[in-house]
Amino acid sequence: MEEQNLPLVIITHSLPTEWLAKLEGKCRTVIGPWDATHFDPSLEPYLAEAEGLFCLLTIPVREELLNRAPKLRVVSNMAVGYDNIDVAACTARRIPVGNTPGVLTAATADLTMALLLAAARQLPQASKDAREGRWITWSPAGWLGADLDGATLGVVGMGKIGRAVAQRAKGFGMKLLYTDIPLPPEVETELGAQRVELPELLRQSDFVTLHVPLTPETRGMIGEEQLRLMKPSAILVNTARGPVVQTAALLKALQEKWIAAAALDVTDPEPLPPDHPLYAQPNCLIVPHIASATHNTRRRMAELACDNLLAGLEGRRLPNCVNPEVYENV
Ligand code: DGY
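This structure is a prediction, so every number in the text was calculated from the model and none was measured. (Residues numbered from 1 in each chain as written. Predicted model: local features only at pLDDT ≥ 70, side-chain atom pairs only at ≥ 80, totals over all residues. Heavy atoms only, no water.)

**A closer look at the nonpolar core**
Burial of nonpolar side chains together is a common tendency in soluble globular proteins.
(1) Moving on: Formed by 56 residues in total, the largest nonpolar core has its most connected members in Phe54, Met78, Leu153 and Phe207.
(2) Moving on: A per-element tally of this core places helix H10 (residues 295-313) first, with nine residues.
(3) Moving on: A domain split of this core shows at least three residues from each of domain 1 (3-103 + 295-327) and domain 2 (105-286).
(4) Moving on: With residues near it in sequence (within four places) discarded, leucine 153 still touches Leu116, Val165, Ala169, Met174, Lys175, Leu176, Leu177, Ser205, Phe207, Val208 and Thr209.
(5) Moving on: Leu227, Ala234, Ala262 and Cys284 belong to the second largest nonpolar core, which has 32 residues in total. (Core = buried A, V, L, I, M, F, W, Y, C linked by side-chain atoms within 4.5 Å. Buried < 20%, exposed > 50% of the residue type's maximum accessible area, 1.4 Å probe, protein only. Helix = DSSP H or I, 4+ residues; strand = E, 2+ residues; numbered from the N terminus. Domains from an automatic or database assignment. Contact = heavy atoms within 4.5 Å.)

**Quick notes on the sheet that holds strand S7 (residues 175-179)**
Across a sheet, paired strands are connected by hydrogen bonds in the backbone, their directions being either parallel or antiparallel.
(1) Moving on: Strand order in the open sheet made by the seven strands is S8-S7-S6-S9-S10-S11-S12, with parallel pairing throughout. One side of each edge strand has no neighbouring strand; the edge strands of this open sheet are strand S8 (193-195) and strand S12 (284-286). Sheet twist, expressed as the mean angle between neighbouring strand axes with direction ignored, is 15 degrees.
(2) Moving on: Packed onto the sheet, helix H3 (residues 105-120) meets strand S6 (152-156), strand S9 (207-210), strand S10 (235-238), strand S11 (261-264) and S12 and runs at close to 150 degrees relative to S10.
(3) Moving on: Sheet contacts for helix H9 (residues 247-255): S10, S11 and S12; angle to S11, the most-contacted strand, approximately 140 degrees. (Pairing = 2+ DSSP bridges. Axes fitted to C-alpha atoms, helices over the stretch in contact; angles between N-to-C directions.)

**Things to note about the sheet that holds strand S3 (residues 52-55)**
(1) Moving on: Spatial ordering of the open sheet is given by S2-S1-S3-S4-S5, a layout of five strands whose pairing is parallel. Unpaired on one side and paired on the other, strand S2 (28-31) and strand S5 (97-98) mark the two borders of the sheet.
(2) Moving on: Of the strand pairs in this sheet, S3 and strand S4 (residues 74-77) are connected by four bridges, and their pairing is parallel. Following the sheet pairing, leucine 53 is matched in S4 by valine 75.
(3) Moving on: In the packing of H10 onto the sheet, contacts are made with strand S1 (8-11), S3, S4 and S5, and the angle to S4 comes to roughly 175 degrees.

**A closer look at the packing of H3 against helix H5 (residues 160-171)**
Each packed pair of helices is defined by two parameters, the angle between the axes and the distance between the axes.
(1) Moving on: Running from N to C, H3 and H5 cross one another at 50 degrees; their axes reach a closest spacing of 9 Å. Classified by the angle between their axes, H3 and H5 sit oblique to one another. For the pair H3 and H5, the crossing hand works out as right-handed. The residues of H5 that touch H3, namely those facing Thr105, Ala106, Thr108, Ala109, Asp110, Thr112 and Met113, are Lys160, Ile161, Ala164, Val165, Arg168 and Ala169.
(2) Moving on: Here the residues of the contact of H3 with H5 are counted per class, giving seven nonpolar, three polar and three charged. (Parallel < 35°, antiparallel > 145°, perpendicular 65-115°, else oblique. Left-handed = near helix turned anticlockwise from the far one by under 90°. Nonpolar A, V, L, I, M, F, W, Y, C, P; charged D, E, K, R; others polar.)

**Describing H9**
(1) Moving on: Looking at H9, one finds that the buried residues are Thr247, Ala249, Leu250, Leu251, Ala253 and Leu254.
(2) Moving on: As for H9, its buried residues are in contact with helix H8 (224-229), S10, S11 and S12.
(3) Moving on: Following H9 by one or two positions, lysine 257 adopts a phi angle in the positive range, close to 60 degrees.

**What about the domain arrangement of the protein?**
(1) Moving on: When cut into domains, the protein gives domain 1 (3-103 + 295-327) and domain 2 (105-286).
(2) Moving on: Using C-alpha coordinates to define each centre, domain 1 is positioned 32 Å away from domain 2.
(3) Moving on: For the pairing of domain 1 and domain 2, the buried interface totals around 530 Å² over both sides, and the portion due to carbon and sulfur atoms is 50%.
(4) Moving on: On the domain 1 side of the interface with domain 2, the three residues burying the most area are Leu57, Asp83 and Gly102, jointly 63% of the side's total.
(5) Moving on: Taken together, domain 1 and domain 2 are joined by one salt bridge.
(6) Moving on: On inspection of domain 1 and its partner domain 2, the count reaches two residue pairs in polar contact (both at pLDDT 80 or more). (Buried area = accessible area lost by both parts, 1.4 Å probe. Salt bridge = Lys/Arg side-chain N within 4 Å of Asp/Glu carboxyl O. Polar contact = N/O pair within 3.5 Å; in protein donor to acceptor, adjacent residues only side chain to side chain.)

**A word on the site of the ligand**
(1) Moving on: In the vicinity of the ligand, the contacting residues are Leu57, Ala79, Val80, Gly81, Leu104, Arg241, His289, Ser292 and Met301.
(2) Moving on: A distance of 2.7 Å is found between an oxygen atom of the ligand and a backbone nitrogen or oxygen belonging to valine 80.
(3) Moving on: Measuring from an oxygen atom of the ligand, one finds a side-chain N or O atom of arginine 241 at 2.6 Å.
(4) Moving on: Surface burial for the ligand is 90%, taken as the share of its 230 Å² of free accessible area covered by protein chains. (Near = heavy atom within 4 Å. Areas by Shrake-Rupley, 256 points an atom, 1.4 Å probe, with all protein chains shown as cover.)

In structure tokens form, the structure reads like this:
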């Protein structure tokens, strides 16, 4: 097909070209800056003609944007989470929405364990002390942390990532509680995981890790009431979505020591501004939403997002579609 007849695709952020190689010869692309925090104004003139949108989790795709893109035939999110997208509005326009599940499960579970271990063993503080000259001698009572072996991990949300974390935690000798729809009995047995209600999980766990998607039901699900149920020695890890935790309540919990520590890959707001009081909490470890940030994982996420995009442009079913109802009664 002549270049000018290829469908136009908006890619909201510039990405390494090799990640987008599959798109070559299949569409025309306009690409936003790598550091765009919003839908970049330079892309707006192209909305009227765009047939495909390849976006990141930071870009809200709502009515207002969809109304300006009447030719859009596919939205492809380079993320497993899609809370940035008004899926109902896309479905109403029969626009399939793609996401990238599976390829980031292991990397996200690995980072969850890294955060859990770092918080349990006070790695940021210990490293800072070593660099800054406070490593005077081998200190029998210095930098003491919490054991994982024998401790109870509460997994809130037992989807793919929750399960991958549970498997890793089992390898560390942890006991497992979880909340979610029940796992098949053989999986429960294999993991040694017991299903309990959230308040019970919070009361009993030494570590709590969050793996729920952000939905109206999960928004703010960890607030003052829930944090007060946790043990004063407990550590909260969030690699899900920032708004699952109420930030003001978490700050108070850390300041007033209702819990021992938190380790966050995601925050609300995001990015967390540099002067935010959570950074001043020595018992709060914060990293900038990097759970899926390995070379292989990010490349595979981009490739899967390309697969979804191309399927949508070619009128095929998306390999990973979050609103398959768009294919009903066609
Ligand atoms: C996702 O994919 O939803 C993660 O938050 C980013 O890797």
